[in-house]
There are 2 protein chains.
Amino acid sequence: MKFVVIGGDAAGMSAASKAKRNMPDLEVVTLEATQDVSYSACGMPYNIAEPARVMDDLIVRKAEVFRSKQGIDLRLGHKAVSIDRKNKKVVCEVQGNGQSEISYDKLLIANGARAIRPDIPGIDLPRVMVLKSLQDGRAIKQFLGNKNVKKVLIIGMGYIGLEMAEAFHSIGAEVTMVKPGPRLLAFMPEEMAELVKKELSDKGVRCFPGVAVNSLHNDGPGLKVCASSGDIQADLVLVSIGVTPNSELAAGASLDLGPKKSIAVDRKLKTSDPDIFAAGDCADAFHILTGKRVWIPLALRANRAGWAVADNVTGGQVELPGIMGTAVFKVLDLEVARTGLSFEEASREGYEPVQEMIKSRSRAHAHPGNQSIYVHLVADRNSGKLLGGTMVGKEGVAHRIDSVAVALHAGMSVEEFFQCDMAYAPPFSPVWDPLLTAANQLLKKL
Amino acid sequence: MKFVVIGGDAAGMSAASKAKRNMPDLEVVTLEATQDVSYSACGMPYNIAEPARVMDDLIVRKAEVFRSKQGIDLRLGHKAVSIDRKNKKVVCEVQGNGQSEISYDKLLIANGARAIRPDIPGIDLPRVMVLKSLQDGRAIKQFLGNKNVKKVLIIGMGYIGLEMAEAFHSIGAEVTMVKPGPRLLAFMPEEMAELVKKELSDKGVRCFPGVAVNSLHNDGPGLKVCASSGDIQADLVLVSIGVTPNSELAAGASLDLGPKKSIAVDRKLKTSDPDIFAAGDCADAFHILTGKRVWIPLALRANRAGWAVADNVTGGQVELPGIMGTAVFKVLDLEVARTGLSFEEASREGYEPVQEMIKSRSRAHAHPGNQSIYVHLVADRNSGKLLGGTMVGKEGVAHRIDSVAVALHAGMSVEEFFQCDMAYAPPFSPVWDPLLTAANQLLKKL
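All chains use their own residue numbering, which begins from 1 and follows the written sequence. To read the labels, note that chains go from A and ligands from 1, taken in the order they are written. Confidence filtering applies because this is a predicted model: local features only for residues at pLDDT of at least 70, side-chain atom pairs given and counted only at 80 or more, and all residues used for totals across whole chains, interfaces and linings.

1. Side note on the overall build of chain A
Part 1 of the argument: When its secondary structure is counted, chain A shows twelve helices and 25 strands.
Part 2 of the argument: The atom set for the radius of gyration is the C-alpha atoms, and the globule formula is 2.2 Å times the number of residues raised to the power 0.38. Here the C-alpha radius of gyration of chain A, 23 Å, is about what a compact globule of 446 residues would show, namely 22 Å.
Part 3 of the argument: Here chain A holds 446 residues, and the buried ones make up 54% of them.
Part 4 of the argument: We call two residues in contact if the C-beta atoms placed from their backbones are at most 7 Å apart. In chain A, 64% of the contacts between residues at least 6 apart in sequence involve partners at least 24 apart. Helix and strand assignments come from DSSP, with helices taken as H or I runs of at least 4 residues and strands as E runs of at least 2, each series counted from the N terminus. Neighbour density around each residue's C-beta defines its exposure: 20 or more other C-beta atoms within 10 Å make it buried, 12 or fewer make it exposed, and counts between make it partly exposed, where C-beta atoms are placed from the backbone.

See below:
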């Protein structure tokens, strides 16, 4: 049997490697459009923050290892351009070498997502960059190494934009952030978003929601950015307004699409063609709470889905329940995390949500190093069940959110969550963990 | 109605305060044997580590505040010596002032636990100390301030002993630890306990399991400790071999006792007398997994039980499901945490346990500051359910254990736990959180 994988990053290489482990005599071919496989894309902002490190530090396993140690036929510079489902073939453009056809028995589409570039004049100027692929990361790092970058403008204020604000700030650049929408981190309550804004402004990062960029122009050695608030000078512009799934290949083969043009897959990761799977940032997933299809491209799901595809290609019947949208990021000295549904999402999904935000402390009464920690929980008035959580604080946020995620997976009520026996020691939390305090306050509203 | 509370720390003052909030015209009398109420006992090792801080920093709320702001009749220096259940009266010894009788409608016994002092010659010498009450903490701190303490011997290697090893070490003392039993932290696998032992020895704390102390003697300005391994010189000896519930009062009133002579209570915190409740370190609890009575005195349960008693005294019908035995402590630069049942406990309880220990990392591949993190999980082969977890590492342990605790409360299988959508960002974890990696490995054994 021949298993062909389109895309050589998280989902693709997880699937290729596990399929080969499961069934050593399986023929596995991986087609990767770029020269890079198996790298930690999420690590790029932190790598960029350290000029002394090379970007290739982020490569988890090299192409040669996949070939020689794992026996995967890994073809770099092979960009899949069409799928002939009838004859079960993938057509590739081979870098500088025309086209080639690869037949498959089972196919996995794992070609990820790409950064969105808005359609405005000047968006393709060389100093206007994005960060999605390792090649993007190398380009930014090289640019920072070669040019005198004093002023950076970031368009967008999502996870990556904020992580990159930290990275640019840490290497001494003056950072300005703009986005057209009025709210920073719209999934969280305004009061919490203000904490993030304050952290940015305390560290000197200027942050202007409600500012749209209309055009970008070369201006002497830098750029002039014409924005709704006036002109902004920048040596480098990072466009970080989100990503979109690379689903054109699937759409061209008439496979069903899901939310936001992602590739629709069932719980076995199968597309509408039973011999074709999709996984990673190009594919959708079921939301555990709502049961609906969502497109929330995150690294853990990509890896998990890759493994499941491998199992299913090699004879298994693995079904993934879905995702909770659990995410965490660091911005300067703040940790920000979320899981489940926000209040607005819960309303849209037809729940009758109630919410509570509390401020507590990261350590016990009178313990040195104590920091504020903010917890926002959402529950459903009808069922009493927990629906989601958001946290912000300088410590103790990143791992606490997982407790909420586990509670959501288990379908716990707020009362059940409040009864959980959590760990306490003075260096790590108050006697009542901030999560329990939040649950207790939320209970009063139910 | 008159609600009398015996004991003015976590459980007692939580109950007194909440009862008064629930029902402002309730007469609430609290009888506290010492002069201290409402303090963070768990904070004492950290306070002792900082000579410049006063021990009274750990007082959360002062006696005057309970009296003037909350209207609680708080009587210090009132040691309850007997309960006349027939006439619903408590007899007290009043410091320097004979006896007094206090009648009650509802009574809460929350007089805590005391440090165990083994019956060996010299155990009552002034330089042989324990740490349980705030007065114990003051005595140690005063001793350290007045005497030249170069060598400390700690008898016992539980949480408090280890936290105090850190405290004594941080103020420059040479610390030796002994215990008669052969295993350090017997609830965890030997391999994990070795990590704790290594941390102690790396920092210069000498640790000798399997060494019994036979007697203690004044010897010039210090002490000579006769141990099974030979004589040990010490300027101060801390006896930290555990605590025992203060249940003599309850036993004298013929109330039912539970495990380890703790006071037996039902899920409403009622003793065998329907007008008498017990809560905090003197009382037992139901273990969520086994449904059996256990005595695991920890601060969160004390606070939680105090609140539940207040609700039940003021007309509520609150039932607490019980405890999971979740605990965390810090020893030098290590975080150690546990929840649920250990492998041995699970065997004793009639499960057919399987276990797995994995070593992972606290941060993503190639992220600076990465530390090792060890996860040990136990599951039941018959049901596939998770039974317990233990973790050790230099960061990211304290809050991660709560995810396991929540999963245990929810009765999750290892497979369900493995499917949980956990947070990932490079500064906080690998893509596969160490908990997920451990669950995945454990699944292979089920």
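Having seen the structure, we can now continue with the description.
2. Observations regarding the interface of chain B and chain A
Part 1 of the argument: Taken together, the contact pairs 49 residues of chain B with 49 residues of chain A.
Part 2 of the argument: Looking at the side of chain B that touches chain A, the elements that each hand over two or more residues are α8 (299–313), β21 (327–331) and α10 (400–409) of chain B.
Part 3 of the argument: If one sorts the elements of the side of chain B that touches chain A by residue count, α10 of chain B sits on top with eight residues.
Part 4 of the argument: Each residue is assigned to one class: nonpolar for Ala, Val, Leu, Ile, Met, Phe, Trp, Tyr, Cys and Pro, charged for Asp, Glu, Lys and Arg, and polar for all the others, Gly among them. Residues belonging to the side of chain B that touches chain A are distributed by class as follows: 32 nonpolar, eleven polar and six charged.

3. Focus: the packing of helix α1 (residues 10–22) of chain A against helix α8 (residues 299–313) of chain A
Residue and element names in this part refer to chain A.
Part 1 of the argument: Between α1 and α8, the least distance of the axes is 7 Å, while the angle of their chain directions is 35 degrees. Handedness of the α1/α8 crossing: right-handed. Contact with α1, carried on its side by Ala-10, Ala-11, Gly-12, Ser-14, Ala-15, Lys-18, Ala-19 and Asn-22, involves Ala-299, Ala-302, Asn-303, Ala-305, Gly-306, Trp-307, Val-309, Ala-310, Asp-311 and Val-313 of α8 and no other residues of that element.
Part 2 of the argument: Looking at the contact of α1 with α8, its residues break down into eleven nonpolar, five polar and two charged. Note on definitions: angles span 0 to 180 degrees between N-to-C directions of axes, and those axes are lines fitted to C-alpha atoms, for helices only across the stretch in contact. Two helices crossing with the near one rotated counterclockwise from the far one by less than a right angle form a left-handed crossing, whereas a clockwise rotation gives a right-handed crossing.

4. Thoughts on the environment of Phe-329 of chain B
Part 1 of the argument: Topologically, Phe-329 of chain B is positioned in strand β21.
Part 2 of the argument: Considered as a pair, Phe-329 of chain B and Gly-158 of chain B are 171 residues apart in the sequence and their alpha carbons are 9.9 Å apart.
Part 3 of the argument: Not counting residues up to four positions away in its chain, the partners in contact with Phe-329 of chain B are Ala-425 of chain A together with Tyr-159, Leu-162, Glu-163 and Val-336 of chain B.

5. Observations concerning the relation of the copies chain B and chain A
Part 1 of the argument: Superposing chain B onto chain A takes a rotation of 180 degrees combined with a translation of 0.0 Å along the rotation axis, leaving an RMSD of 0.0 Å. When the rotation and shift are considered jointly, the pair of chain copies conforms to a two-fold rotation axis. For chain B, the residue whose C-alpha comes nearest the rotation axis is Ser-403 of chain B, separated from it by 2.1 Å.
Part 2 of the argument: Most of the interface of chain B is mirrored in chain A, where 100% of its interface residues are also at the interface. Each copy is superposed on the other by least squares, with the fit set by C-alpha atoms of residues at a pLDDT of at least 70 in both.

6. Brief notes about unusual backbone geometry
Part 1 of the argument: Of note, the phi angle at Ser-38 of chain A is positive, near 50 degrees, even though the residue is not glycine.
Part 2 of the argument: Along the chain, Ser-38 of chain A falls in the loop between β2 (27–32) and α2 (44–48).
Part 3 of the argument: For Ser-38 of chain A, a count of 24 C-beta atoms within 10 Å puts it in the buried group.
Part 4 of the argument: Positioned with a positive phi, Leu-269 of chain B is a non-glycine residue whose angle comes to about 70 degrees.
Part 5 of the argument: Assignment of secondary structure puts Leu-269 of chain B in the loop between α7 (248–252) and β18 (276–278).
Part 6 of the argument: Overall, the presence of 31 C-beta atoms within 10 Å leaves Leu-269 of chain B in the buried class.

7. Digging into the domain arrangement of chain A
Many authors give the size of an interface as the accessible area that is lost as the parts come together.
Residue and element names in this part refer to chain A.
Part 1 of the argument: Domains are outlined according to an automatic or database domain assignment. Segmenting chain A into domains produces domain 1 (2–38 + 61–113 + 244–313), domain 2 (117–239) and domain 3 (333–443).
Part 2 of the argument: Each side of the interface is counted separately: domain 2 has eight residues, and domain 3 has ten residues.
Part 3 of the argument: When its residues are assigned to classes, the side of domain 2 that touches domain 3 shows six nonpolar, no polar and two charged.

8. Considering the environment of Gln-371 of chain B
Part 1 of the argument: With respect to the helices and strands, the residue Gln-371 of chain B is situated in the loop between β23 (353–361) and β24 (372–380).
Part 2 of the argument: The contacts of Gln-371 of chain B, once residues within four sequence positions are left out, are Arg-361, Ser-362, Gly-393, Lys-394 and Glu-395 of chain B.

9. What to know about the pairing of strand β16 (residues 236–239) of chain B
Residues and elements named next belong to chain B.
Part 1 of the argument: Burial along β16 is two-sided: the face carrying Leu-236 and Leu-238 and the face carrying Val-237 and Val-239 are both buried.
Part 2 of the argument: Strands qualify as paired when DSSP identifies two bridges or more between them. As paired strands, strand β9 (residues 128–129) and β16 are joined by two bridges and run parallel to one another. The partner of Met-129 across the bridge, within β16, is Leu-238.
Part 3 of the argument: The pairing of strand β10 (residues 151–155) with β16 spans four bridges and is classified as parallel. Across the sheet, the residue bridging to Ile-154 is Leu-238, located in β16.

10. Observations regarding α8 of chain A
Residue and element names in this part refer to chain A.
Part 1 of the argument: Expected helix span is given by 1.5 Å per residue-to-residue step, counting one fewer step than there are residues. Over its 15 residues, α8 extends 21 Å from the first C-alpha to the last, a length consistent with the 21 Å expected when each residue adds 1.5 Å.
Part 2 of the argument: Where burial is concerned, most of α8 is hidden: 14 out of the 15 residues are buried.
Part 3 of the argument: Phi turns positive one or two residues past the end of α8, at Gly-315, with a value near 105 degrees.

11. Thoughts on the sheet that holds strand β5 (residues 89–94) of chain A
Residue and element names in this part refer to chain A.
Part 1 of the argument: Here three strands make up an open sheet; going across it, the order is β4-β5-β6 and the pairing antiparallel. Where the open sheet ends on each side, the last strands, each with one partner, are β4 (78–84) and β6 (99–103). Taking the axes of each pair of neighbouring strands and ignoring which way they run, one obtains an average angle of 30 degrees across the sheet.

12. Re the confidence of the model for chain A
Part 1 of the argument: When the pLDDT values of chain A are averaged, the result is 97; 100% of them are 70 or greater.
Part 2 of the argument: Interface scoring of the predicted complex returns ipTM 0.97; its pTM is 0.97. pLDDT is defined as a per-residue confidence score from the predictor, taking values between 0 and 100.

13. Some words on the sheet that holds strand β23 (residues 353–361) of chain A
Residues and elements named next belong to chain A.
Part 1 of the argument: A sheet is described by the order of its strands in space; here five strands give the open sequence β21-β22-β25-β24-β23, paired in antiparallel fashion. The sheet is open, and its two borders are formed by β21 (327–331) and β23, each paired with just one other strand. Ignoring which end each strand starts from, the neighbouring axes of this sheet average 10 degrees apart.
Part 2 of the argument: Direction of pairing for β23 relative to strand β24 (residues 372–380): antiparallel, over a ladder of nine bridges.

14. Details of helix α5 (residues 159–170) of chain B
Within an α-helix, residues lying three or four positions from one another point in the same direction, as the helix has 3.6 residues per turn.
Residue and element names in this part refer to chain B.
Part 1 of the argument: For α5, with twelve residues, the first-to-last C-alpha span of 17 Å sits near the 16 Å given by 1.5 Å per residue.
Part 2 of the argument: α5 sits mainly inside the fold: ten of its twelve residues count as buried.
Part 3 of the argument: What α5 keeps buried is the set Tyr-159, Ile-160, Gly-161, Leu-162, Glu-163, Met-164, Ala-165, Glu-166, Ala-167 and Phe-168.
Part 4 of the argument: In this structure, the buried residues of α5 make contact with α2 (44–48), β10, β11 (174–179), α6 (190–202), β16 and β21.
Part 5 of the argument: Phi turns positive, to about 90 degrees, at Gly-172, one or two residues after α5.

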